[in-house]
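A look at the structure
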Amino acid sequence: MVLLQAVDLVKTYSGRLGGRRYSALDKVNFQVEQGEFTAVMGASGSGKTTLLNLLASLDKPSQGDVILNGQSFRSIDERRLAAFRRQNLGFVFQDYNLLDTFTVRDNILLPLVLNRAAVEDMEKRLIPLASRLGLESLLDKFPYEISGGEQQRTAVARAMITNPKLLLADEPTGALDSRSSANLLDIFSEFNAQGQTIVMVTHSAFAASFSSRVLFIQDGRLLTEIYRGDEPRRAFFDRLVNASSSLMDGGANVG
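What comes next is a walk through the structure.

Calculation rules
Residues numbered from 1 in each chain as written. Predicted model: local features only at pLDDT ≥ 70, side-chain atom pairs only at ≥ 80, totals over all residues. Heavy atoms only, no water. Pairing = 2+ DSSP bridges. Helix = DSSP H or I, 4+ residues; strand = E, 2+ residues; numbered from the N terminus. Axes fitted to C-alpha atoms, helices over the stretch in contact; angles between N-to-C directions. Contact = heavy atoms within 4.5 Å. Salt bridge = Lys/Arg side-chain N within 4 Å of Asp/Glu carboxyl O. Buried < 20%, exposed > 50% of the residue type's maximum accessible area, 1.4 Å probe, protein only. Lys, Arg positive; Asp, Glu negative; His and termini not counted.

Examining the sheet that holds strand 9 (residues 213–218)
An order of 6-7-8-3-9-10 is seen for the 6 strands of this open sheet, with the pairing classed as mixed. The sheet is open, and its two borders are formed by strand 6 (89–93) and strand 10 (221–227), each paired with just one other strand. Along the sheet, successive strands turn relative to each other by an average axial angle of 20 degrees, direction set aside. Bridge analysis of strand 9 against strand 10 gives 6 bridges, and the strand direction is antiparallel. Note that in strand 10 the partner of Val214 across the bridge is Ile226. Contacts from helix 5 (residues 148–160) reach strand 6 and strand 7 (166–170), with the element oriented near 170 degrees to strand 6.

A look at the pattern of salt bridges
Under the counting rule described, the total for this entry stands at 12 salt bridges. For Arg213, the salt bridge goes to Glu225, with nearest N and O atoms at 2.9 Å. Taken as a pair, Arg213 in strand 9 and Glu225 in strand 10 lie far apart in primary sequence, 12 residues in all. With a closest N to O distance of 3.4 Å, Arg234 and Asp238 form a salt bridge. Residue Arg234 and its partner Asp238 are located together in helix 8 (residues 233–248), separated by 4 residues, close to a single helical turn. Several salt bridges share partner residues, and in doing so they unite Glu36, Arg213 and Glu225 into one network.

Some points on the side chain of Arg153
By the element assignment, Arg153 lies in helix 5. Among buried charged residues, Arg153 stands out as having no salt bridge; its nearest opposite-charge side chain is Glu150, 4.5 Å away. With residues near it in sequence (within four places) discarded, Arg153 still touches Leu133, Gly134, Leu135, Asn183 and Ile187.

Structure follows, in structure tokens:
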């Protein structure tokens, strides 16, 4: 079943003082099936973060639409938009976006507090998730008291506490060392194996190799997509590296 649709997405920005317009996205179309783990790869300035912001309803397209579970983003008014995001989307960012004055527990529970969930429901969701992510002993600590990997796992817990239909990740391994990166990507894979739909933006072939499909974006356009199929992650990684090199060299055949 199709969960997410990007339909003819265009995003343009005006230059300073109304000067020349800049096109960040140009007629982007794709679908994401429920339970799929999709990565979007591209160099800096390719349009991938702009695309993620549109999928997250954090920005509006100049043209086109995003449809999540049959709900058109264009049909959601501003008053309902924040609640819609909290109820349907989870976010993981490169810089964690944790609140330094909140404990790990309070950072994780924040979306439920904003949704006015019952205290009993909060605890019922928190404990299994914290245990799964290895955060049980850190719940009363503050973000500045824990490592970068632990902060990112806290951010993942916050994103997952609402059981979102779609998890969106923007360069989630960008600030992590190699061990913490692999650990985080293993966590994403585990969530995905249990049915969580994930869209992850990354410039890293290593990170993208954990997904089941990779969309390549360049100059605001989707160039091609590569499916992993049944091949081992290492073989998929090698194929992604070759594809990236081919695209940068202007090659058309990337399989």
